[in-house]
Amino acid sequence: MDARDLLRAQFAWIHQLLAGTMSDCSQETADHRGEGWAISPISAIYAHIAITQDGIVHGLVQGRPTLLESDGWDGKLGLEAAGPRDASSWADKRFDLATVRDYAAAVQAATDAFLLEAPDDLLEKAMETPMGEQRAIDMLANVGVAHVASHWGEIAALRGVQGEKGLPF
């Protein structure tokens, strides 16, 4: 197994866990935000996961338009492609779970297709990121996979504090 295969397996695994956590999540649970909570609702976190992965894989690494912009997901999700996406603008945003599930699946499928065919020189290319200079493959592993995993944990915890089973196992 090479680094590319490992990265594909990591993305597939974490998305399987995320999908399992979200499979029986109701829209009501996903939109809940408790009094005094300083965290976005599950639906916003779930959308953020897909939008960030899309931005990293398509925008940052490939230098292409994101699926959000090119495939019209911004409109389907109720976003303006160029609109702000900072935490304060998302604090009270709710997203339709079926739409986010479809978008997340499209982003993951596009990510896997890219990784399957990505030229080694592109994956090894150093690029400037918000965390400093990194190789593309490191950015995908460090931010791509770890980002999904950290927010998956948030979602599981938010389901748990609402009295539901958070983890899919």
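The numbering scheme is per chain: residues are counted from 1 as the chain's sequence reads. Reporting in this predicted model follows two pLDDT cut-offs: at least 70 for local features of residues, and 80 or more for side-chain atom pairs to be given and counted; totals over whole chains, interfaces and linings ignore these cut-offs and use all residues. Computation of side-chain values: all heavy atoms of the structure, hydrogens and water removed.

## Overview of the overall build of the protein chain
We count it as follows: Secondary structure counts use DSSP, requiring at least four H or I residues in a row for a helix and at least two E residues in a row for a strand, with both numbered from the N terminus. Each radius of gyration is computed over the set of C-alpha atoms, and the globule rule expresses the reference value as 2.2 Å times the number of residues to the power 0.38. Burial here depends on accessible area, computed with a 1.4 Å probe over protein chains only, as a share of the maximum for the residue type. Under 20% is buried, over 50% is exposed, and the range in between is partly exposed. Any two residues whose heavy atoms approach within 4.5 Å are treated as being in contact. Surface exposure here means Shrake-Rupley accessible area, sampled with a 1.4 Å probe, where a residue is shielded only by the protein chains that are shown. Here Asp and Glu are counted as negative and Lys and Arg as positive; His is not counted, and neither are the chain ends. Charge positions are represented by NZ for Lys, CZ for Arg, CG for Asp and CD for Glu.
Helix and strand counts for the protein chain come out as 9 helices and 2 strands. Computed over its C-alpha atoms, the radius of gyration of the protein chain comes to 16 Å, within 12% of the 15 Å expected for a compact globule of 169 residues. For the protein chain, the spread of C-alpha atoms along the three principal axes comes to 50 × 35 × 30 Å. Expressed as a percentage of its 169 residues, the buried residues of the protein chain come to 44%. Nonlocal contacts in the protein chain, meaning residues at least 24 apart in sequence, comprise 68% of its contacts between residues at least 6 apart. About 8,300 Å² of surface is accessible on the protein chain, with carbon and sulfur atoms providing 55% of the total. In the protein chain, 13 positive and 25 negative side-chain charges are present, and the distance between their average locations comes to 3 Å.

## Examining the packing of helix α3 (residues 42-61) against helix α7 (residues 97-117)
Two quantities define a packed helix pair, namely the angle between the axes and the distance from one axis to the other. Worth spelling out the cut-off: Helix axes are fitted to C-alpha atoms over the stretch in contact, other axes to C-alpha atoms as well, and angles between N-to-C directions run from 0 to 180 degrees. An angle below 35 degrees is read as roughly parallel, one above 145 as roughly antiparallel, one from 65 to 115 as roughly perpendicular, and any other as oblique. Note on convention: near helix rotated counterclockwise from far helix by under a right angle means a left-handed crossing. Clockwise means right-handed. Gly is placed with the polar residues, together with every amino acid not listed as nonpolar (Ala, Val, Leu, Ile, Met, Phe, Trp, Tyr, Cys and Pro) or charged (Asp, Glu, Lys and Arg).
At a minimum axis distance of 9 Å, the contact between α3 and α7 shows a crossing angle of 25°. Classified by the angle their axes make, α3 and α7 are roughly parallel. Crossing of α3 against α7: the hand is left-handed. Contact with α3, carried on its side by S43, Y46, A47, A50, I51, Q53, D54, V57, H58 and V61, involves L97, V100, R101, Y103, A104, V107, Q108, A110, T111 and F114 of α7 and no other residues of that element. Partitioned by chemical class, the residues of the contact of α3 with α7 number 13 nonpolar, 5 polar and 2 charged.

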